[in-house]
Amino acid sequence: MPLPNSIEARDIAFHLHPATNAARHREIGPLVIERGEGVHVFDASGRKYIEALAGLWCAGLGFSETRVADAVYQQMKTLPYYHTFAHRSHGPVVDLAEKLVSLAPVPMSKVFFTNSGSEAVDTVIKLVWYRANAMGQPERKKFIARDRAFHGLTIAASCLTGLPANHRGFDLVGPEVLRVTAPDHYRNALPAESEEEFATRLAAELEALILREGPETIAAFIGEPVMGGGGVIVPPEGYWPKMQAVLRKYDILLVADEVICGFGRTGTLFGSTTFGIEPDIMTLSKQLSSAYLPISAVLVNEKVVEPIIEESGRLGILGHGFTASGHPVTAAAALETLRIIEEDGLVENAARSGAHLRAGLEALADHPLVGNVRGVGLVAGVELVLDKQAKSGLPEQPGGLGLLVNTRLQELGVLTRAMGDTIGFSPPLIISLAEVDALLAAFAQALDDVAATLAVRMEP
Ligand code: PMP
């Protein structure tokens, strides 16, 4: 039990945490992080941890990049706030919009600014609906998303998110969402089905769904290039080109949710580049500012934006946006982050450190608790099992293995997240090979320790 008046006790007393078991929190309290340095964070007692998920897949620059702090301070002194409603603008927002269009992996036309990944996704839904109406196709409103997708947690974004834990208890009402299978070859492929055959089957599933619903009723398909929150699901060979061909055939927009993948995570600047995706719309956030300040962006191509611009002329206004859309200080943070990513070669570093990380994780594939190792660039997932044949974890306790290994990892000085029984790795882009080695050593140790505990526990 925390001491009275300690920060832990006050956290329990006053703070309702997101994505937390609030009842259990009353018993165990928070892990209080006090400061950061490079890929490390330190708790209130001075203990040092490797942040193996870059916080929430976002702090690409690590936890002590003062160049961003300086850029933010300068901007705060020049123009700490201005808005972008009603034809107003300022330098940082224009510079950032131009920069993002220039970096985009396919021709993009305009940028709409928002403050979180969820707001970006909600904005996509509204822009796509507005466009459908503008084009005289008011019935074209349904979205297609995948099982285990994560697209955020505002009401509309939650509806696209395909994780039961984010739906339970809310009775969500929102956009009509059609579901297709997650491209998880380990879990969802048929016995002996190759990656290519699996991808072909998923594209056929998509086409059958579109025909069943009526292509003229479907607005867009949204997908993360690599699914993050669903358990680091790397699509099988050929998946994206095959899915894309079906969407093109029926003139359905493709939205790449690059909130995690954007800015180097997959070893190139965008997940769309890594997987040959040619999206009509992209959502960006997280590493865009290394999450030092909240900012997100929606990139749209000419085909998407032109009818929207025309319609706003007819209706008098594009009636969407936020007080902090295109905030000068968050834009300055993003511009400096992008400059550092380019100048310091962090995409290349992510590719190099990521290859080292994935090789190290692959080397653990024969460990009795490891069922599946997957990854690309500097993002990886290790799915834990007790029975490799049955691909099953702790009986009656889904996610139990993930919890045990994650807890042990924390004790060994590595912070990450378990998504069910999958341990995620998505460290800052700046991570060195030596720091990857330290992370891998702790993970191997955690696996051994948990295996030993379970062997004792399961002795007859
Ligand atoms: N899209 C994806 C792919 C995400 O991973 C996330 C957050 N993890 C979001 C959207 C939502 O972002 P936010 O939490 O900033 O609303």
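Conventions adopted
Residues numbered from 1 in each chain as written. Predicted model: local features only at pLDDT ≥ 70, side-chain atom pairs only at ≥ 80, totals over all residues. Helix = DSSP H or I, 4+ residues; strand = E, 2+ residues; numbered from the N terminus. Rg over C-alpha atoms; globule rule 2.2 N^0.38 Å. Buried ≥ 20, exposed ≤ 12 C-beta atoms within 10 Å, placed from the backbone. Contact = placed C-beta atoms within 7 Å. Core = buried A, V, L, I, M, F, W, Y, C linked by C-beta atoms within 7 Å. Domains from an automatic or database assignment. Near = placed C-beta within 6 Å. Nonpolar A, V, L, I, M, F, W, Y, C, P; charged D, E, K, R; others polar. Pairing = 2+ DSSP bridges. Axes fitted to C-alpha atoms, helices over the stretch in contact; angles between N-to-C directions. pLDDT = per-residue confidence, 0-100. Arc of directions from axis to C-beta. Parallel < 35°, antiparallel > 145°, perpendicular 65-115°, else oblique. Left-handed = near helix turned anticlockwise from the far one by under 90°.

### Quick word on the overall build of the chain
Consideration 1: Helices and strands together make up the secondary structure of the chain, namely 16 helices and 15 strands.
Consideration 2: What you see for the chain is a C-alpha radius of gyration of 22 Å, in line with the 23 Å of a compact globule of 460 residues.
Consideration 3: For the C-alpha atoms alone, the extent of the chain along its principal axes is close to 75 × 60 × 40 Å.
Consideration 4: Every one of the 460 residues in the chain was classed for burial, and the buried ones make up 47%.
Consideration 5: When contacts within the chain are restricted to residue pairs at least 6 apart in sequence, long-range pairs at least 24 apart make up 70% of them.

### Quick notes on the nonpolar core
Consideration 1: Grouped together as the largest cluster of nonpolar side chains are 128 residues, with contacts concentrated most on Val 298, Leu 299 and Val 405.
Consideration 2: The residues that make up this core include at least three from each of domain 1 (31-64 + 345-457) and domain 2 (67-343).
Consideration 3: Non-local contacts of Val 298, meaning those with residues more than four positions away in its chain, are made with Val 111, Phe 112, Thr 114, Ala 120, Thr 123, Val 124, Leu 127, Ile 281 and Thr 283.

### Re the site of the ligand
Consideration 1: In the vicinity of the ligand there are 15 residues, among which Ser 116, Gly 117, Ser 118, Gly 152 and Val 259 approach most closely.
Consideration 2: If one sorts the elements of the shell around the ligand by residue count, helix H6 (residues 117-134) sits on top with three residues.
Consideration 3: Each residue belonging to the shell around the ligand can be placed in one class, and the counts come to five nonpolar, eight polar and two charged.

### Quick word on the sheet that holds strand E12 (residues 379-384)
Consideration 1: Strand order in the open sheet formed by four strands is E11-E12-E15-E14, with antiparallel pairing between adjacent strands. Every other strand in the sheet has two partners, leaving strand E11 (370-376) and strand E14 (417-419) as the edge strands with one partner each. Here the average twist between neighbouring strands, direction ignored, is 25 degrees.
Consideration 2: The pairing of E12 with strand E15 (residues 422-425) spans four bridges and is classified as antiparallel. Its bridge partner lying in E15, Gly 381 is registered against Gly 424.
Consideration 3: Lying on the sheet, helix H15 (residues 400-411) is in contact with E12, E14 and E15; it crosses E14 at an angle near 170 degrees.

### Quick look at the confidence of the model for the chain
Consideration 1: Of the residues in the chain, 99% reach a pLDDT of 70 or more, and the chain-wide mean stands at 97.
Consideration 2: Two numbers describe this predicted complex: its pTM, 0.98, and its ipTM, 0.99.

### A short note on helix H10 (residues 239-249)
Residues three or four positions apart in an α-helix share a direction because the helix packs 3.6 residues into each turn.
Consideration 1: When we look at burial in H10, the residues that qualify are Tyr 239, Trp 240, Lys 242, Met 243 and Leu 247. Along H10, the residues classed as buried sweep out an arc of 165 degrees about the axis, all on the same side. The outward face of H10, more than 90 degrees from its buried face, is lined by the exposed residues Ala 245, Arg 248 and Lys 249.
Consideration 2: In this structure, the buried residues of H10 make contact with helix H9 (195-213), strand E7 (218-223), strand E8 (253-257) and helix H11 (271-275).
Consideration 3: Of the residues trailing H10, Asp 251 is marked for its positive phi of about 55 degrees.

### A few points about the packing of helix H5 (residues 91-103) against helix H13 (residues 328-343)
Consideration 1: Where H5 meets H13, the axes come as close as 8 Å, and the angle between the chain directions of the two elements is 40 degrees. Relative to H13, H5 is oriented oblique. Seen from above, H5 lies across H13 with left-handed handedness. Residues Pro 92, Val 93, Asp 95, Leu 96 and Lys 99 of H5 touch H13, and the partners they reach there are Pro 328, Ala 331, Ala 332, Ala 334, Leu 335 and Leu 338.
Consideration 2: Class assignment of the residues belonging to the contact of H5 with H13 gives a composition of nine nonpolar, no polar and two charged.

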